[in-house]
Number of protein chains: 2
Amino acid sequence: MEAFMEAEYIVGGHGSRKIKVLQEAFQHIDGEMYSDHYGSGETIEHFQRRMAEVLGKEAAIFFPSGTMSQQIALRIYCDQKGLKRVAYHPLCHIEIHEENTLKELHQIEAVLLGDKDRLIRLEDVQAIEGDIACLLLELPQREIGGQLPQYEELEAISAYCRERGIKLHLDGARLFEITPYYQKSAAEICSLFDSVYVSFYKGIGGIAGAILAGDEDMIKQSRVWKRRFGGDLIGLYPYILSAQYYYEQRINKMGIYYEQAKQLASLLNQCHGVRTLPEVPVSNMFHVYIERTPAEAEPILSRMTQQFGIGLTSYLNENSETGHCSFELSLGDRYETIPEDRLQSALIWLDEELRSHGPKR
Amino acid sequence: MEAFMEAEYIVGGHGSRKIKVLQEAFQHIDGEMYSDHYGSGETIEHFQRRMAEVLGKEAAIFFPSGTMSQQIALRIYCDQKGLKRVAYHPLCHIEIHEENTLKELHQIEAVLLGDKDRLIRLEDVQAIEGDIACLLLELPQREIGGQLPQYEELEAISAYCRERGIKLHLDGARLFEITPYYQKSAAEICSLFDSVYVSFYKGIGGIAGAILAGDEDMIKQSRVWKRRFGGDLIGLYPYILSAQYYYEQRINKMGIYYEQAKQLASLLNQCHGVRTLPEVPVSNMFHVYIERTPAEAEPILSRMTQQFGIGLTSYLNENSETGHCSFELSLGDRYETIPEDRLQSALIWLDEELRSHGPKR
């Protein structure tokens, strides 16, 4: 949507992914500091220790990406148990965005749990036929709007896995973003899991990079695998130091993003033919569904941008059954820059627009 | 060696691996430029096109590391031929520095060619029992001092592989560094190979990152594998833009580094009990052998640093048979900063020192 790119205010995110994100992070860093060196050196070790502490784990290791770190965690658990079988949600990242790597690189079979339109429940885990080495949970479950199970359900799943000797791994790409809803620290949530991956370019807004945290032995093995994968770069500091910089800036703002997400979702749900999933967000993210085809919705959203200077989304997905459209919103630093009355006027206009021009089919 | 760290002049390399290497590269880059985005966008596509041209290949793809890119190239060739068997030198990087990844991640068998102390010859390739999918050549062969075969031998190996349907891949981590010796362009050398990997933090002196170049189809497949490996980062620009910056700065200096290496090796070979491998370097690198144990050589080299301000090496390897020591030198921007008379005085002193104090055993 061309109009979106010209919008004075963009609703989601922290800002454009521009080179200045790196430049800002490195502006005040002492140039005489040494690069990390193939996984060693204070630059990387300091951040790893810090994150191990934040996540309440014995050890942590910095990876270029979550994709690399998570398959390594699963591979280690499978090798440990001598069983190449894991389970996870049908729409988790590793299943739909990673080109079948578990099968192609590891010959690991994945059991898809429950239904793609809802969260995994304890009974889904209990119903797995045969044994598995590891259960991976993605919190929040991004592809269904970032939903979260009740904390008690998580505790029950964790207890069940421990009893059965099933490793429990957390895809915590957006872990920091869910701490305000659960009213738990990252370490408290992670205590239910054997290992966890967190991302530094989502809620934190860094450039790229991930931390994998777990027990000493598992992280030690991960180092070997990181080398095998070609992830043990001679210098990862462009990601590490910017992750650290933006972590400090934003870690205490997760509660604000969450409150803003609830506020915005509430406003959107008041628009005719618009609903959010979840209805009340449980993190900084949610999905927006509009009862219009992309072709119908696009000109309306573009006009909203032109009239009010507010860009809601750069794209629209089409639902293959209903033909209606949807998009994802993740709130960050940008939201607070939008004048409140401007946003409200825009959404009142959107409501009227959708109300007066019914769907064409 | 503590004294080395305090040396006024260090003989090898471009400079310390400090954060300012990144800061310098980004100082004059427009902050409004957009990040690459999961392998797309001008930032990455421009550099890939440029490198495809430099290497004379149809296409190129930027990788976080050579380790990642090369195993992917070999995997693609093995899958193509339905034969998980490749061949290379016993001391090539993939064999000794990558934690057995070909076996652990790909179940690829490696045939080690020839002898570890010399280069691969055509007859070694001809003597391979059974078929292989790919032959990997590392030029220069780093672990034996960066030696190079005669160009005619290379042409013969290439012709043989083409005849037999064996893919030929070049580990060109130091490809640019050998162009002055062969008096060939990178593209001319690469024309003998089906694919090539080049590094941007060796002779080029960038932060990290690699290019894999080959035909369209092979590079297209590499993109899928890059995603599987977790190398398809949302932003690789910290490496790409610094690779580009230092490429421009140094690509035309490879001839100077080569001449300096020959000059320095000649001076070292005049020292009693010192020899270089190769005797006459064929790139900017060579190995230095001293007929002393590390315990004997260290105090001598330290005194040389203290008296002349010149640091020759930060470490000494011990030969398991002779007990004597050796180290690697790769010349870069630092060499030209050393006052010539200072270096000569230091090496004359070293010669006398080694001459007057014979080995203790």
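As the structure is a computational prediction, the values presented were derived from the model and not from experiment.

(A) Inspection of the overall build of chain A at higher detail. Within chain A, the secondary structure is distributed over 15 helices and 13 strands. Against the 2.2 N^0.38 benchmark of 21 Å for 361 residues, chain A shows a C-alpha radius of gyration of 21 Å, consistent with a compact globule. Overall size of chain A, expressed as C-alpha extent along the three principal axes, is 60 × 55 × 35 Å. Taking all contacts inside chain A whose residues are at least 6 apart in sequence as the whole, residues at least 24 apart take part in 76%. Only carbon and sulfur atoms are counted for the fraction: they give 46% of the accessible area of chain A, which is about 14,400 Å².

(B) Up close: the relation of the copies chain B and chain A. Least-squares fitting of chain B to chain A yields an RMSD of 0.0 Å, with the superposition described by an axial translation of 0.0 Å and a rotation of 180 degrees. Here the two chains are linked by the operation of a two-fold rotation axis. Looking at chain B, 100% of its interface residues are interface residues in chain A too, so the copies touch through the same face.

(C) Structural view of the interface of chain B and chain A. Taken together, the 50 residues of chain B in the interface contact 50 residues of chain A. Summed over both sides, the interface of chain B with chain A buries roughly 4,300 Å², with 58% coming from carbon and sulfur. At the junction of chain B with chain A, the criterion picks out 4 salt bridges. Residues B:E32 and A:K18 are paired through a salt bridge, measuring 2.5 Å at the closest nitrogen-oxygen approach. At the junction of chain B and chain A, the tally comes to 32 residue pairs in polar contact (both at pLDDT 80 or more).

(D) Geometry of the domain arrangement of chain A. Residue and element names in this part refer to chain A. Partitioning chain A into domains gives domain 1 (2–15 + 253–356) and domain 2 (36–234). At the interface, 14 residues of domain 1 touch 18 residues of domain 2. Surface buried jointly by domain 1 and domain 2 totals about 1,300 Å² across both partners, of which 65% is contributed by carbon and sulfur atoms. At the surface where domain 1 touches domain 2, the tally comes to 1 salt bridge. Of the charged contacts, one joins R142 and E328 as a salt bridge, the two residues approaching to 3.0 Å between their closest N and O atoms. Linking domain 1 with domain 2 are 3 residue pairs in polar contact (both at pLDDT 80 or more). Those elements that provide at least two residues to the side of domain 1 that touches domain 2 are helix 13 (254–269) and strand 10 (285–290). At 4 residues, helix 13 tops the list of elements feeding residues into the side of domain 1 that touches domain 2. Here the side of domain 1 that touches domain 2 is composed, by residue class, of 8 nonpolar, 5 polar and 1 charged.

(E) The side chain of B:D124, seen in detail. Residue and element names in this part refer to chain B. In this structure, D124 sits in helix 7 (residues 122–126). From its side chain, D124 meets the backbone nitrogen of R121 in a polar contact 2.7 Å long. When near neighbours in sequence (up to four residues on either side) are disregarded, D124 contacts L113, G114, R118 and L119.

(F) Region of the structure containing the packing of aromatic side chains. Residues and elements named next belong to chain A. According to the stated counting rule, one finds 24 aromatic pairs over all chains in the structure shown. Taking the centre distance of 6.4 Å and the plane angle of 25 degrees together, the rings of F62 and F200 count as stacked. Taken together, the positions of F62 in strand 2 (residues 59–63) and F200 in the loop between strand 7 (195–199) and strand 8 (210–214) put the pair 138 residues apart, joining distant regions of the chain. Residue F62 is classed as buried on the basis of its relative accessible area of 0%. Relative accessible area serves as the criterion here: at 0%, F200 is assigned to the buried category. Each ring, one from Y181 and one from Y182, has its centre 5.5 Å from the other, and the planes form 50 degrees; the classification is tilted. Residue classification places Y181 among the partly exposed positions, given a relative accessible area of 27%. Here the aromatic cluster, defined as three or more aromatic residues joined through ring pairs, consists of F47, F62, F176, F200 and Y247.

(G) Representation of the side chain of B:Q71. Note that B:Q71 resides in helix 4 (residues 66–81). For B:Q71, the side chain forms a polar contact with the side chain of B:T101, separated by 2.8 Å.

(H) Structural view of the sheet that holds strand 8 of chain A. Residues and elements named next belong to chain A. With respect to topology, 7 strands assemble into an open sheet ordered 2-8-7-6-5-3-4, the strand pairing being mixed. Both outer strands of the open sheet, strand 2 and strand 4 (109–112), are each paired with one neighbouring strand and no more. Strand-to-strand, the axes of this sheet are offset by a mean angle of 20 degrees, without reference to chain direction. The sheet contact formed by strand 3 (residues 85–88) and strand 5 (residues 134–138) spans 2 bridges and is parallel. Bridge assignment links V86 to a residue of strand 5, and that residue is C134. The strands touched by helix 11 (residues 216–228) are strand 2, strand 7 and strand 8; relative to strand 2, the strand with the most contacts, the crossing angle is about 20 degrees.

(I) Focus on the UniProt feature "domain: Aromatic amino acid beta-eliminating lyase/threonine aldolase" (unreviewed entry) in chain A. In this numbering, the UniProt entry assigns the feature "domain: Aromatic amino acid beta-eliminating lyase/threonine aldolase" (unreviewed entry) to residues 36–286 of chain A. Helix makes up 44% of residues 36–286 of chain A and strand 16%, and the two end C-alpha atoms of the span are 37 Å apart.

(J) Region of interest: a negative patch on the surface. Residues and elements named next belong to chain A. A cluster of acidic residues, E58, D215, E216 and D217, forms a negative patch on the protein surface. Relative to the elements of secondary structure, E58 occurs in the loop between helix 3 (42–54) and strand 2. Classification of E58 by relative accessible area gives exposed; the value is 54%.

(K) Inspection of the packing of helix 2 (residues 20–27) of chain A against helix 12 (residues 237–250) of chain A at higher detail. Residues and elements named next belong to chain A. Two elements in contact, helix 2 and helix 12, have axes whose closest approach is 9 Å; the angle formed by their N-to-C orientations is 80 degrees. Judged by the angle between their axes, helix 2 and helix 12 are roughly perpendicular. Touching V21, L22, E24, A25 and F26 of helix 2 are Y237, P238, L241, S242, Y245, Y246 and Q249, all from helix 12. Residues that form the contact of helix 2 with helix 12 fall into these classes: 9 nonpolar, 2 polar and 1 charged.

(L) Just the environment of B:L192, in detail. All names here are of chain B. One can find L192 in the loop between helix 10 (186–190) and strand 7 (195–199). By relative accessible area, L192 is classed as buried at 11%. Once the C-alpha coordinates of L192 and V11 are considered, the two residues, 181 residues apart in sequence, prove to be 34 Å apart. The contacts of L192, once residues within four sequence positions are left out, are Y151, L154, E155, S158, R162 and L168.

(M) Just unusual backbone geometry, in detail. Backbone torsion omega between A:L139 and A:P140 reads -10 degrees, so that peptide bond is classified as cis. Of note, the bond from B:L277 into B:P278 is cis; its omega dihedral lies within 30 degrees of zero at -5 degrees. Phi at A:E99 takes a positive value of approximately 55 degrees, unusual for a residue other than glycine. Structurally, A:E99 is set in the loop between helix 5 (93–96) and helix 6 (101–106). Residue A:E99 is classed as partly exposed on the basis of its relative accessible area, which comes to 39%. The backbone of A:Q183 sits at a positive phi, close to 55 degrees, despite the residue not being glycine. With respect to the helices and strands, A:Q183 occurs in the loop between helix 9 (179–182) and helix 10 (186–190). Relative accessible area serves as the criterion here: at 68%, A:Q183 is assigned to the exposed category.

Analysis parameters
Within every chain, residues take consecutive numbers counted from 1 along the sequence as written. Here the convention is simple: chains get letters from A, ligands get numbers from 1, in the order in which they are written. Thresholds applied to this predicted model are a pLDDT of at least 70 for local features of residues and 80 or more for the giving and counting of side-chain atom pairs; totals over whole chains, interfaces and linings are not thresholded and use all residues. Side-chain numbers here rest on the full set of heavy atoms in the structure, without hydrogens or water. Helix and strand definitions here come from DSSP, where helices need a minimum of 4 consecutive H or I residues and strands a minimum of 2 consecutive E residues; each element is numbered from the N-terminal end. In this setup the radius of gyration rests on C-alpha atoms only. A globule is expected at 2.2 Å times the number of residues raised to 0.38. Contact criterion: two residues are considered in contact whenever any of their non-hydrogen atoms come within 4.5 Å of each other. Only the protein chains shown count as cover for residues, with accessible areas throughout obtained via the Shrake-Rupley method and a probe of 1.4 Å. A least-squares fit on C-alpha atoms brings the copies together, and the residues used are those whose pLDDT is at least 70 in both copies. As used here, buried area is the combined drop in accessible area, with a 1.4 Å probe, of two parts when they are placed together. Just to be clear on terms, a salt bridge is a Lys or Arg side-chain nitrogen sitting within 4 Å of an Asp or Glu carboxyl oxygen. We define a polar contact as two N or O atoms separated by no more than 3.5 Å, with the added condition that, inside protein, one atom must be a possible hydrogen donor and the other a possible acceptor, whereas residues neighbouring each other in sequence contribute only through side-chain atom pairs. An automatic or database domain assignment is the source of the domain bounds shown. Note that Gly is not counted as nonpolar here; it falls among the polar residues with everything else outside the nonpolar set of Ala, Val, Leu, Ile, Met, Phe, Trp, Tyr, Cys and Pro and the charged set of Asp, Glu, Lys and Arg. Think of it this way: a Phe, Tyr or Trp ring, Trp meaning its six-membered ring, pairs with another when their centres are within 6.5 Å, and the plane angle makes it stacked under 30 degrees, edge-to-face over 60, tilted otherwise. Note on exposure labels: buried denotes an accessible area under 20% of the residue type's maximum, exposed denotes more than 50%, and partly exposed covers the range between, all computed with a 1.4 Å probe on protein chains only. For two strands to be treated as a pair, DSSP must find no fewer than two bridges joining them. Geometry is summarised by axes, namely lines fitted to C-alpha atoms with helices restricted to the contacting stretch, and by angles between N-to-C directions that run from 0 to 180 degrees. UniProt positions are given in the numbering used here, feature names are shortened, and annotations may be inferred rather than shown by experiment. Residues form patches when they are more than 30% accessible in relative terms and have no salt bridge. Like charges link within 9 Å. Nonpolar side chains (Val, Leu, Ile, Met, Phe, Trp, Tyr) link within 5 Å. Here Asp and Glu are counted as negative and Lys and Arg as positive; His is not counted, and neither are the chain ends. Every charge is mapped to an atom, namely NZ of Lys, CZ of Arg, CG of Asp or CD of Glu. Any angle that is under 35 degrees is reported as roughly parallel, and any over 145 degrees as roughly antiparallel; angles of 65 to 115 degrees are reported as roughly perpendicular and all others as oblique.

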